[in-house]
Amino acid sequence: MPATDEQVTHHILSVLVENRFGVLSRVAGLFSRRGYNIFSLAVGPTEDERFSRMTIVVDAASAPLEQVTKQLNKLVPVIKITELASQDAVERELLLVTVRASAELRSQVMELSAIFEAKILDVGYEAITLMVAGPPDTLDAFTDLVTPYGIVELQRTGRIALPKLARRPVTLRAVRDRGA
Amino acid sequence: MKLTGAQALIKSLEMEGTEVMFGLPGGAILPVYDPLIESSIRHILVRHEQGAGHMAEGYAHATGRPGVAMVTSGPAATNIVTPLCDAYMDSVPIVVITGQVPYAVIGTDAFQECDTVGITMPVTKHNWLVTDAQDIPEIVREAFHVATNGRPGPVLVDVPKDIANQTMDWHWPDGVDLPGFKPTTRGHPKQVKDAVRLIGEARRPVIYAGGGILKARAAEALRELVELTDIPVVTTLMARGAFPDDHPRCLGMPGMHGNYTAVTSMQHADLLIALGSRFDDRVTGKVSAFAPGAKIIHVDVDPAELGKVRRPDVPIVGDCRLVIEEMVREARADRTRRDWPDLADWLRQLGEWQSDHPLAYEQDDGGPLKPQFCIESLRDHTPDDTIVVSGVGQHQMWTSQLWRFNHPYTWVNSGGLGTMGFAVPAAIGAKVGKPERMVWAVDGDGCFQMTAQELTTAAAERIPVKVAILNNAYLGMVRQWQELFYEERYSEVYLSPDLPDYVKWAEAMGCVAFRADTPEDVEPVIEKANEVDDRPVVIDFRTDYREKVYPMVPAGGSNDDIILGPATDKPGGR
């Protein structure tokens, strides 16, 4: 990663791309060529089958990120890029984790699962596999809490995100107008 | 109408107006070479695929139309990666067709297989792997569209052999459907207004004209802007000829080997109007010390260039020609509303710098032949509209400095990538595109040896290019750096003046060849070379190896610390 004075933070890029082979490597190549680490990446179909949406979380200072975004925009299969600030987006992520849980500890793990609304996907003699969906920090918290029991395997999907909907507060006047 | 993929490909190239292509056949591209026999397209058979790519670039530089090259898979595709990268760096529109192993065996390490699309992804604007012959017309249309629109550049179409043999229903699309490729060409009116407001307040403005002027065919518009505003112009290495050197407002080339006035004008400017230029490190020197007092107007069709190196005060995304025309209109209107500052003091200062610090070298009578003298003699004994092509190194810098470029599209060189060996094939491509013009390649002995085999192509195809080798028996620019920055420790830079024997070598390739050892030899051999018009000519100029390119701003240094060199370092200089 190039050294900069600027604060390095997570940036979420929501990238609408043509649904074709090779697009992922074009996009990923732009980051890797500049030495940026992609923190997480989720790709999936959208409401329009011609397009896919990539949600890319990248660690970079904002000035170099602007250059990456502009370069991304030059890729022919890239239709649109939106940078989502955390406070302006709804984000979700999925976590699968296999936790060591012998019969005597299983109920404790299940208690935590209930608090986080985790689903039990599989149960073995010495372990239990759970699924949690939620905002990334909820997943972080759950991971912290099950760590003492012993994590056998853990997998996260990387976040997906959409912009928050703009809502104007309803004023009295607006109400009156509607009534009129 | 049923056609094979191969026939559809050739027909699509014809539909795009391709008159000539440069290439070399091989296994995977064989099907496409067959219908070429019946095609109207002239094919020029190169001796190395790199040559095909640089010829396509030279053709595009000289004509403004996209150059087309076609080669086979594997090693042929990798051989054309250098020209693709060169074209990418210098924004040259070329379309490269590569053969590929049959679709069914891709990924099996088949004979002459390589991941061409993967390898060329970072050095093309876009590339395509054809997976269905039915898509060929759309892909070819898209390829030409992408290569020539927005910021021009190279594209590649990879055609598996079995796809070329498939049958398809011929059709020709009306246009392209590329939702992710919609370049902005018209400058934002408010930004144009803001730019003109800054221009109308500046007391020490400089136009920093880059290669984008030529790519946008904006040379005339630029001239109009200069004549309206009287603002002086520097023309970068990629923009030589975009504004006439003989024009009183032309300051010549800035940058690492730019002349004193061009470099210093930018350092002292209060406004830089960057038009199709990209603040390359070879122009700015140390960025933090570059033009410290200048506000910046930056016009470029590529939004990624704006703010990449230096944050502009007024960024304008758009085609240089359209934006300059808008600026001219706006400036005309603005000048009727208010008085613009008088630039007389600034112009006087620039004139003083010009007379105090001219480019200089000393050619002693009977002394060793100076490379600069060869270039000046060549310049003075060739038509004004001669197309000059160079390789990369000292000869390139001297040519750019000393030639008087008075017409756009007369200077062809490898700027961004700095590809040694560019000159010979690029000159051939330029001559094919502009057969009525005299084309001279000025090359170094190191460069010449990298691609000289293409003179065989030129001789076989009767393409009468002319090559002046400035043979100083060294990798001269590397030697210069070793002399100046590595305590004269010369590591692996000696090439020998007569191994190879350039005259014999050229003659063996079907060229006429001459040698010049002394200043007296120079003019007569140039005259003789100019008379040859049915085959290529090569002149071996035996030049003084000690000569260095000056002025020079050491890499990473500030432009204020320009070194003028022994011949120019006169009292009164810095």
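Draft legend 1. Representation of the overall build of chain A within the structure. Helix and strand counts for chain A stand at five helices and nine strands. Sorting the 180 residues of chain A into buried and exposed places 24% on the buried side.

Draft legend 2. Quick peek at the overall build of chain B. Along chain B, the regular secondary structure elements total 23 helices and 20 strands. Relative to the compact-globule value of 25 Å for 574 residues, chain B shows a C-alpha radius of gyration of 24 Å, a close match. Across the 574 residues that make up chain B, the buried fraction comes to 56%. Put simply, 77% of the contacts in chain B that link residues at least 6 apart link residues at least 24 apart.

Draft legend 3. Seen up close, unusual backbone geometry. Across the junction of Leu499(B) and Pro500(B), the peptide omega takes the value 5°, indicating a cis bond. Note that Pro500(B) resides in the loop between α21 (476-485) and α22 (502-508). With a phi angle near 55°, Glu117(A) is a residue other than glycine that sits in the positive phi range. Along the chain, Glu117(A) falls in the loop between α3 (103-115) and β6 (119-123). Residue classification places Glu117(A) among the exposed residues on the basis of 12 C-beta atoms within 10 Å. Residues other than glycine seldom take positive phi values, yet Glu492(B) does so here, at roughly 55°.

Draft legend 4. Structural context of the packing of helix α16 (residues 371-380) of chain B against helix α23 (residues 519-531) of chain B. Residues and elements named next belong to chain B. Interhelical geometry of α16 versus α23 gives an angle of 30° and a closest axis separation of 10 Å. With respect to α23, the axis of α16 lies roughly parallel. Crossing handedness for the pair α16 and α23: right-handed. Counted together, Phe373, Cys374, Ser377 and Leu378 of α16 and Pro519, Val522, Glu523 and Ile526 of α23 form the full contact between these two elements. Here the residues of the contact of α16 with α23 sort into six nonpolar, one polar and one charged.

Draft legend 5. Examining the domain arrangement of chain A more closely. All names here are of chain A. Along its sequence, chain A is organised into domain 1 (9-84) and domain 2 (91-163). Here domain 1 and domain 2 have C-alpha centroids that lie 28 Å from each other. Tallying the contact residues gives nine residues for domain 1 and six residues for domain 2. Mapped onto the side of domain 1 that touches domain 2, the elements with two or more residues apiece are β1 (9-18), β2 (38-45), β3 (51-60) and β4 (78-84). With three residues, β2 is the largest single contributor of residues to the side of domain 1 that touches domain 2.

Draft legend 6. Region of the structure containing the interface of chain A and chain B. Every contact between the two is made by 14 residues of chain A and, on the other side, 12 residues of chain B. Take the side of chain A that touches chain B: its biggest share by element is four residues, from helix α2 (residues 62-74) of chain A. Across the side of chain A that touches chain B, the residue classes break down as five nonpolar, four polar and five charged.

Draft legend 7. Fine view of the sheet that holds strand β5 (residues 94-100) of chain B. Residue and element names in this part refer to chain B. Strand order in the open sheet formed by six strands is β3-β2-β4-β5-β7-β6, with parallel pairing between adjacent strands. Looking at the sheet topology across the chains shown, the edges are occupied by β3 (42-45) and β6 (126-129). Neighbour to neighbour, the strand axes of the sheet diverge by 20° on average, direction disregarded. Across four bridges, the pairing between β6 and strand β7 (residues 154-160) is parallel. Each residue of the ladder has a partner; that of Asn127, found in β7, is Leu156. Contacts from helix α3 (residues 49-63) reach β2 (20-24), β3, β4 (67-71) and β5 within the one sheet, and its direction differs from that of β4 by about 170°.

Draft legend 8. Quick peek at the nonpolar core. Formed by 201 residues in total, the largest nonpolar core has its most connected members in Ala69(B), Ala209(B), Ile213(B), Leu222(B), Leu272(B) and Ala468(B). Excluding residues that lie within four positions of it along the chain, Leu222(B) makes contacts with Ala209(B), Ile213(B), Ala242(B), Phe243(B), Leu275(B) and Ile324(B). Judged by nonpolar contacts, the second largest core, of 13 residues, contains Val99(A), Ala101(A), Ala118(A) and Val132(A).

Draft legend 9. How the structure looks around the environment of Glu47(A). Residues and elements named next belong to chain A. For Glu47, the location among the structural elements is in the loop between β2 and β3. For Glu47, a count of 6 C-beta atoms within 10 Å corresponds to the exposed category. Taking C-alpha positions, Glu47 is 23 Å from Arg26, a pair spaced 21 residues apart along the chain.

Draft legend 10. Summary view of the environment of Val389(B). Residue and element names in this part refer to chain B. Tracing the sequence through the fold places Val389 in strand β15 (residues 387-390). Spatially, the C-alpha atom of Val389 lies 6.2 Å from that of Trp440, the residues being 51 residues apart in sequence. Every residue in contact with Val389, bar those within four places of it in the chain, is listed here: Gly58, Val412, Asn413, Ala423, Ala426, Ala427, Ala430, Val439 and Ala441.

Draft legend 11. Representation of the sheet that holds strand β18 (residues 466-471) of chain B within the structure. Residues and elements named next belong to chain B. Across the sheet, which stays open at both edges, the six strands sit in the order β16-β15-β17-β18-β20-β19 with parallel pairing between neighbours. For this open sheet the edge positions go to β16 (411-412) and β19 (512-516), each flanked by a neighbour on one side alone. Note: strand β17 (residues 439-444) against β18, five bridges, orientation parallel. Note that in β18 the partner of Trp440 across the bridge is Lys466. Contacts from helix α17 (residues 394-402) reach β15, β17 and β18 within the one sheet, and its direction differs from that of β17 by about 135°.

Draft legend 12. Broad picture of the packing of α3(B) against helix α5 (residues 81-90) of chain B. Residue and element names in this part refer to chain B. At a closest axis distance of 7 Å, the pairing of α3 and α5 adopts a crossing angle of 25°. One element, α3, and the other, α5, form an angle in the roughly parallel class. Listed contacts from α5 to Gln50, Gly53, His54 and Glu57 of α3 are Thr82, Pro83, Leu84, Asp86 and Ala87. For the contact of α3 with α5, the residue count by class is three nonpolar, four polar and two charged.

Draft legend 13. Spatial organisation of the domain arrangement of chain B. Residues and elements named next belong to chain B. Parsing chain B into structural domains produces domain 1 (2-169), domain 2 (189-356) and domain 3 (371-550). Distance from the C-alpha centre of domain 2 to the C-alpha centre of domain 3: 31 Å. With 13 residues of domain 2 at the contact, the number on the domain 3 side is 14 residues.

Draft legend 14. Here's a closer look at the pairing of β6(B). Going residue by residue along β6(B), you find His126(B) and Trp128(B) tucked away on one face and Asn127(B) and Leu129(B) tucked away on the opposite face as well. Considered for its hand, the β-α-β crossover made up of β6(B), helix α7 (residues 136-148) of chain B and β7(B) is right-handed.

Draft legend 15. Main features of α5(B). Residue and element names in this part refer to chain B. Of all 10 residues in α5, eight are buried, a share of seventy percent or more. Among the residues making up α5, those that are buried are Val81, Thr82, Pro83, Leu84, Asp86, Ala87, Tyr88 and Asp90. Looking at the buried residues of α5, the elements they touch are α3, α4 (75-79), β5, α6 (116-120), β7 and α10 (211-215). Positive backbone phi, approximately 55°, marks Ser91, located one or two places after α5.

Draft legend 16. How the structure looks around α3(B). Residues and elements named next belong to chain B. The terminal C-alpha atoms of α3 lie 21 Å apart, and with 15 residues this matches the ideal 21 Å at 1.5 Å per residue to within 8%. Counting buried positions over the 15 residues of α3 gives 14, a clear majority of the element. Just downstream of α3 lies Gly64, where phi reads positive at about 85°.

Draft legend 17. Quick peek at the confidence of the model for chain B. Residues and elements named next belong to chain B. With 99% of its residues at a pLDDT of 70 or more, chain B shows a mean pLDDT of 96. Across residues 569-574, confidence stays below pLDDT 50; counting only partners more than four residues off in sequence or on other chains, it has five contacts. With pTM at 0.93, the complex prediction returns an ipTM value of 0.89.

Draft legend 18. Local environment of the environment of Gly51(B). Residue and element names in this part refer to chain B. Along the polypeptide, Gly51 turns up in helix α3. Take Gly51: there are 33 C-beta atoms within 10 Å of it, and that puts it in the buried class. A C-alpha to C-alpha distance of 24 Å links Gly51 and Arg151, two positions 100 residues apart in sequence. Among residues more than four places away in sequence, those in contact with Gly51 are Val46, Pro425, Thr451, Glu454 and Thr457.

Rules used in this analysis
Residues numbered from 1 in each chain as written. Chains lettered and ligands numbered in written order. Predicted model: local features only at pLDDT ≥ 70, side-chain atom pairs only at ≥ 80, totals over all residues. Helix = DSSP H or I, 4+ residues; strand = E, 2+ residues; numbered from the N terminus. Buried ≥ 20, exposed ≤ 12 C-beta atoms within 10 Å, placed from the backbone. Rg over C-alpha atoms; globule rule 2.2 N^0.38 Å. Contact = placed C-beta atoms within 7 Å. Axes fitted to C-alpha atoms, helices over the stretch in contact; angles between N-to-C directions. Parallel < 35°, antiparallel > 145°, perpendicular 65-115°, else oblique. Left-handed = near helix turned anticlockwise from the far one by under 90°. Nonpolar A, V, L, I, M, F, W, Y, C, P; charged D, E, K, R; others polar. Domains from an automatic or database assignment. Pairing = 2+ DSSP bridges. Core = buried A, V, L, I, M, F, W, Y, C linked by C-beta atoms within 7 Å. Right-handed = clockwise from strand over helix to strand, strands pointing away. Expected span 1.5 Å × (residues − 1). pLDDT = per-residue confidence, 0-100.

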